[in-house]
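Here's the letter readout for the chains.
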Amino acid sequence: MAKISEYGGKLLSHLQGFYRPGDQALAVELMEALGLACVEVQTSGDFSLTRVHVNSDDRNNVDNVMFLSEMPPVQAKLEALLQERMATDRELRAAVEQYRASARFNGDGTPHFGVHFPTNADLERAISTVQNHLSPALAKRVSMKEMPSYGAVADFPDMRQVFLYTDVFAFGPTTLGQTIELQVERAP
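Residues numbered from 1 in each chain as written. Predicted model: local features only at pLDDT ≥ 70, side-chain atom pairs only at ≥ 80, totals over all residues. Heavy atoms only, no water.

Peer 1: Hey, could you go over the sheet that holds strand β4 (residues 65-70) for me, with residue numbers and the actual values?
Peer 2: Spatially, five strands are ordered β2-β3-β4-β1-β8 in an open sheet, and the strand pairing comes out mixed. Strands at the two margins of the open sheet, each flanked by one partner only, are β2 (37-44) and β8 (169-170). Note that strand β3 (residues 47-53) and β4 share four bridges and pair antiparallel. Opposite V52, over in β4, you have M66 as the bridge partner. Most of the contacts of helix α1 (residues 24-33) go to β2, to which it runs at about 145°, and overall it touches β1 (14-19), β2, β3, β4 and β8. (Pairing = 2+ DSSP bridges. Helix = DSSP H or I, 4+ residues; strand = E, 2+ residues; numbered from the N terminus. Contact = heavy atoms within 4.5 Å. Axes fitted to C-alpha atoms, helices over the stretch in contact; angles between N-to-C directions.)

Peer 1: I'd like to hear about α1, residue by residue, with values.
Peer 2: Among the residues making up α1, those that are buried are L26, A27, V28, L30, M31 and A33. G35 lies just past α1 and shows a positive phi near 90°. (Buried < 20%, exposed > 50% of the residue type's maximum accessible area, 1.4 Å probe, protein only.)

Peer 1: Describe the environment of T43, with residues and values.
Peer 2: Of note, T43 is situated in strand β2. With 54 residues separating them along the chain, T43 and E97 place their C-alpha atoms 36 Å apart. Once residues within four sequence positions are removed from consideration, T43 is found in contact with S48 and L49.

Peer 1: Before we move on, could you go through the pattern of salt bridges and cite the residues and values that matter?
Peer 2: Scanning the model with the defined rule gives seven salt bridges in all. In this structure, E146 engages R160 in a salt bridge whose closest nitrogen and oxygen atoms are separated by 2.7 Å. Residue E146 is found in strand β6 (residues 142-146), and its partner R160 is found in strand β7 (residues 159-166); the two are separated by 14 residues along the sequence. (Salt bridge = Lys/Arg side-chain N within 4 Å of Asp/Glu carboxyl O.)

Peer 1: Please give an account of the nonpolar core that cites residues and values.
Peer 2: Core analysis: the largest hydrophobic core is formed by 30 residues, its most contacted members being M31, F169, I180 and L182. When residues of this core are traced back to their parent elements, those giving at least two are α1, β4, β5 (112-116), α4 (120-132), β7 and β9 (178-185). With six residues, the single largest contributor to this core is α1. Aside from chain neighbours lying at most four places away, what touches F169 is F18, Y19, A27, L30, M31, L68, F113, T174, G177, Q178 and I180. (Core = buried A, V, L, I, M, F, W, Y, C linked by side-chain atoms within 4.5 Å.)

Peer 1: Go over unusual backbone geometry with me, naming the residues and quoting the values.
Peer 2: Positioned with a positive phi, N64 is a non-glycine residue whose angle comes to about 55°. Inspection of the secondary structure assignment puts N64 in the loop between β3 and β4. For A154, which is not glycine, the phi dihedral falls at a positive 50°. Relative to the helices and strands, A154 is located in the loop between β6 and β7.

Peer 1: Give me the lowdown on the side chain of T166, citing residues and values where you can.
Peer 2: Within the secondary structure, T166 is located in strand β7. A polar atom in the side chain of T166 sits 3.0 Å from the backbone oxygen of R141. For T166, the residues in contact, after removing those within four places along its chain, are L30, R141, V142, G177 and Q178. (Polar contact = N/O pair within 3.5 Å; in protein donor to acceptor, adjacent residues only side chain to side chain.)

Peer 1: Outline α4, supporting the account with residue identities and numerical values.
Peer 2: End to end, α4 covers 18 Å across 13 residues, agreeing with the expected 18 Å (1.5 Å per residue, within 8%). Those residues of α4 lying buried are L123, A126, I127 and V130. Each buried residue of α4 lies within a common arc of 100° when the element is viewed along its axis, so the set occupies one face. With respect to the buried face of α4, the exposed residues turned more than 90 degrees away are R125 and N132. (Expected span 1.5 Å × (residues − 1). Arc of directions from axis to C-beta.)

Quick look at the structure:
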């Protein structure tokens, strides 16, 4: 197998996401349920982060990787203010609820990242794990929806797309949640 470090072109290096205090174990559980490999990295003092490898056979620590850590105080302050304002501002609360509903039922219409599976069997394993083997604490914070087949569109192949939504971690505000596209190319 070729390693990502052997590739000579430009790469998407990494994504950095955050979870709320106390949600690290749930974030790791979800990533591992999707078949991704998680490695806890102690960086300095009390600070650590979880390195999430998309390809568990290639543990490159710089490229083709995601990092998850507890949200920094500046984000925690912003999110607390959002939650406080949502409790009293019906218009804001409705807008956030509408956004979350869109993310749950039309994942490709919201910011997301995708995980491409090599085979349909690999995707089915991830779906089964999410549907049947998550802890109760995580299961209530995850939803999943498979999109209908669109066929080949423009220069994209016919892809099977399953969108997962969670508020356990995000690559933006956790208040809005995170959408993850699970995909595999359909057989011709």
